[in-house]
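A closer look at the structure
Chain residues, written in single-letter form:
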Amino acid sequence: MFQLFPTPADIAAHVSAHLMDLIRQQPHAVLGLATGSTMEPIYAAFIAQVQQQGVDIRQIRSFNLDEYMGLPPSHPQSYHYYMQQHLFQALGLDAAQVRLPNGVAPDSVAECRQYSADIAAAGGLDFQLLGIGTNGHIGFNEPGTPFDSLTHVVHLTQKTRTDNGRLFDNPSQVPTHAITMGIQDILNAKQVILVATGAHKAQTMRQLFLSAPTPDMPASALKNHGNARIYVDAAAAALLPPEAFA
Ligand code: F6R
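Predicted model only: the values in this text are computed from it and were never measured. (Residues numbered from 1 in each chain as written. Predicted model: local features only at pLDDT ≥ 70, side-chain atom pairs only at ≥ 80, totals over all residues. Heavy atoms only, no water.)

What about the overall build of the protein?
Summing up its helical and strand segments, the protein has seven helices and 10 strands in all. Its C-alpha atoms give the protein a radius of gyration of 17 Å, near enough to 18 Å, the size a compact globule of 246 residues would have. Along the first, second and third principal axes, the C-alpha set of the protein runs to 45 × 40 × 35 Å. Looking at the protein as a whole, 54% of its 246 residues are labelled buried. Nonlocal contacts in the protein, meaning residues at least 24 apart in sequence, comprise 79% of its contacts between residues at least 6 apart. Surface exposure of the protein reaches about 10400 Å², of which carbon and sulfur atoms provide 54%. Here the protein holds 13 positive side-chain charges and 19 negative ones, and the gap between their average locations is 3 Å. (Helix = DSSP H or I, 4+ residues; strand = E, 2+ residues; numbered from the N terminus. Rg over C-alpha atoms; globule rule 2.2 N^0.38 Å. Buried < 20%, exposed > 50% of the residue type's maximum accessible area, 1.4 Å probe, protein only. Contact = heavy atoms within 4.5 Å. Areas by Shrake-Rupley, 256 points an atom, 1.4 Å probe, with all protein chains shown as cover. Lys, Arg positive; Asp, Glu negative; His and termini not counted. Charge placed at Lys NZ, Arg CZ, Asp CG, Glu CD.)

Dropping the structure here:
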C-alpha cells in the first residue's frame, strides 16, 4: 500500500497525471480534495498539466474534506480561500462545481448532514486525495474518531492547532472547531491516495505502517479500503522498513 517517490515533486507529477487520466476517462469525475502544504506542489503540477495538455474539466465536481468553523470564505486562512488561491481560480472552476463545508453555517449540524447527502447525491467520490496530520488525522478526523463517522463538527486537538498555527499570525487564532467529512465518507470513495512528505511525517508513517486499523490512528482506516495507496517521499519514508514497500 506504501509507494516510495524520491521527492515531493515526483509525487506531484504522478498524482497529477493520475488525475488527468481519471478525468479523461470520466469527464464527470467527482473528486475529494484536501488543503495543506502537502497539496501545494500537487495542485501546481495539476494546473500546469491541465493547461499544457488541455483536458476538459468543465464537468468535474469536487468536495473538500474540511473547513474551519467561524472563518468566512474570504478569510485568508479559510480552506475556501486556500482552494481558490491554489486551484480553483487557475482552473476557472465554476462555483457550482466545487463544494466545501460551510464553516459559518447558522446550523452546523444541518450543514454536516447536508454535506454527506450532497456527496451521495453527486454519486459518491470517484477519488479522494488525502494528506495526514502528525497525529494521524485525515481530514480533521482526530484520533478516536469512529470509522463509521459521516460529516461532523470536531473539536480540534491542541496538537493540530499547534501544527496549523504556523499559517496564522498568532497560533491562538487557530479556530477551536472545524467541520470535516467523516472517515466513512472517505472510505466510501472508490479510490484513495494519501500523500505524506517531509521528515516531520516520518514517525507518523512508521506508526501507520505498524498499526492495525484503529481509531487511535485515523489513517489506519485506509487498511480497510480495497483501493487506497500511500505515497511517501524519501524523507517521510525514512523510518519505514523495506517490507513496507513489498
Ligand atoms: C486539510 C486536511 C488535513 C491535512 C493535514 C496535513 O484539508 O484534510 O488532514 O491534510 O493536516 O497538512 P499538511 O499537508 O499541511 O501537513
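Details of the side chain of Gln-128
Following the sequence through the fold, Gln-128 ends up in strand β6 (residues 127-130). Among the residues examined, Gln-128 registers a relative accessible area of 0% and is labelled buried. Engagement of the side chain of Gln-128 in a polar contact is seen with the backbone oxygen of Gly-32, the distance being 3.3 Å. (Polar contact = N/O pair within 3.5 Å; in protein donor to acceptor, adjacent residues only side chain to side chain.)

Here we look at empty space enclosed by the protein
With the rule as written, the count across this model stands at one cavity of 30 Å³ or more. Put simply, the largest cavity is a space of about 60 Å³. (1 Å grid on protein atoms, 1.4 Å probe; cavity = no way out; pocket = protein on both sides within 12 Å on 5 of 7 lines; lining within 4 Å. Points joined across faces, edges and corners; volume = space filled by probe spheres on them.)

A closer look at the site of the ligand
Around the ligand there are 14 residues in total, and Thr-38, Asp-66, His-137, Gly-139 and Lys-201 lie nearest to it. A distance of 2.7 Å separates an oxygen atom of the ligand from a polar side-chain atom of His-137. Alone, the ligand offers 410 Å² of accessible surface; in the complex the protein occludes 94% of this. The cavity that encloses the ligand is the largest pocket. Across the shell around the ligand, the residue classes tally to three nonpolar, eight polar and three charged. (Near = heavy atom within 4 Å. Sits in = over half its atoms within 2 Å of the grid points. Nonpolar A, V, L, I, M, F, W, Y, C, P; charged D, E, K, R; others polar.)

Overview of the pairing of strand β9 (residues 192-196)
Burial of β9 is extensive: five of the five residues sit out of reach of the surface. Neither face of β9 is exposed, since Val-192, Leu-194 and Ala-196 on one face and Ile-193 and Val-195 on the opposite face are all buried. In this structure, β6 lies alongside β9, joined through three bridges in parallel fashion. Among the inter-strand pairings, Leu-130 is bridged to a residue of β9, identified as Leu-194. Of the pairings in the sheet, the one linking β9 to strand β10 (residues 228-233) comprises five bridges and is parallel in character. Following the sheet pairing, Val-195 is matched in β10 by Tyr-231. A crossover links β9 with its parallel partner β10, the connecting element being helix α7 (residues 202-210), and its sense is right-handed. (Pairing = 2+ DSSP bridges. Right-handed = clockwise from strand over helix to strand, strands pointing away.)

Observations regarding the sheet that holds strand β1 (residues 2-5)
The seven strands lie next to each other as β1-β10-β9-β6-β2-β3-β5, forming an open sheet whose pairing is parallel. Looking at the sheet topology across the chains shown, the edges are occupied by β1 and β5 (98-99).

Concerning the environment of His-137
If you trace the backbone, His-137 turns up in the loop between β6 and β7 (152-155). In this structure His-137 comes out as buried when scored by relative accessible area, which is 10%. When the C-alpha atoms of His-137 and Lys-201 are compared, they prove to be 12 Å apart, with 64 residues separating the residues in sequence.

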